[in-house]
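Next come the chains, spelled out residue by residue.
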Amino acid sequence: MAWIYLLIAGIFEVSWAIGLKMSDGFSNVIISILTIIGMIASFYFLSLSLKNIPLGSAYAIWTGIGIIGTVILGTILFKEPFSLLKLICILFIISGITGLKLISI
């Protein structure tokens, strides 16, 4: 269950990162509130995962999910540039996450 909690925490991390961008410096109240809820949920599920997953692995995987999700959604939602080099870097992050998962079993 800890790995599911970590995945949920990573998804919420992506949501609050996107929310930060959309909140326009916290001037959009509704988006700002949703962003803060996403932050709280992300940290809550991360803390649950830390009961069974080593801190270094959990934190690296959590941020990796956040990086991958925000790069993909930033490209889709905000028309941020995407390149072959970004794709290669994402593949390195995915391989790192996979390696950390395998050695944390």
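None of these values were measured; they are calculated from a predicted model. (Residues numbered from 1 in each chain as written. Predicted model: local features only at pLDDT ≥ 70, side-chain atom pairs only at ≥ 80, totals over all residues. Heavy atoms only, no water.)

So what about the packing of aromatic side chains? Which residues, and what values?
This model, assessed by the stated rule, comprises 5 aromatic pairs. Here phenylalanine 43 and tryptophan 62 contribute two aromatic rings whose centre-to-centre distance is 5.6 Å and whose plane-to-plane angle is 50°, an arrangement assigned as tilted. With phenylalanine 43 in helix H2 (residues 29-49) and tryptophan 62 in helix H3 (residues 55-78), this pair connects stretches of sequence that are 19 residues apart. With a relative accessible area of 48%, phenylalanine 43 lands in the partly exposed category. Relative to phenylalanine 45, the ring of tyrosine 44 lies with its centre 5.3 Å away and its plane at 75°, an arrangement referred to as edge-to-face. With relative accessibility at 46%, the residue tyrosine 44 sits in the partly exposed group. Members of the aromatic cluster, connected to one another through ring pairs, are Tyr5, Phe12, Tyr44 and Phe45. The aromatic ring of phenylalanine 78 is capped on one face by lysine 21, whose charged end is 5.5 Å from the ring centroid. Over the face of the ring belonging to tryptophan 3 we find lysine 101, whose NZ or CZ atom lies 4.5 Å from the ring centre. (Phe/Tyr/Trp six-rings, centres within 6.5 Å; stacked < 30°, edge-to-face > 60°. Helix = DSSP H or I, 4+ residues; strand = E, 2+ residues; numbered from the N terminus. Buried < 20%, exposed > 50% of the residue type's maximum accessible area, 1.4 Å probe, protein only. Lys NZ or Arg CZ within 6 Å of the ring centre and 35° of its normal.)

Treat this as a map of the structure, not an account of what it does.
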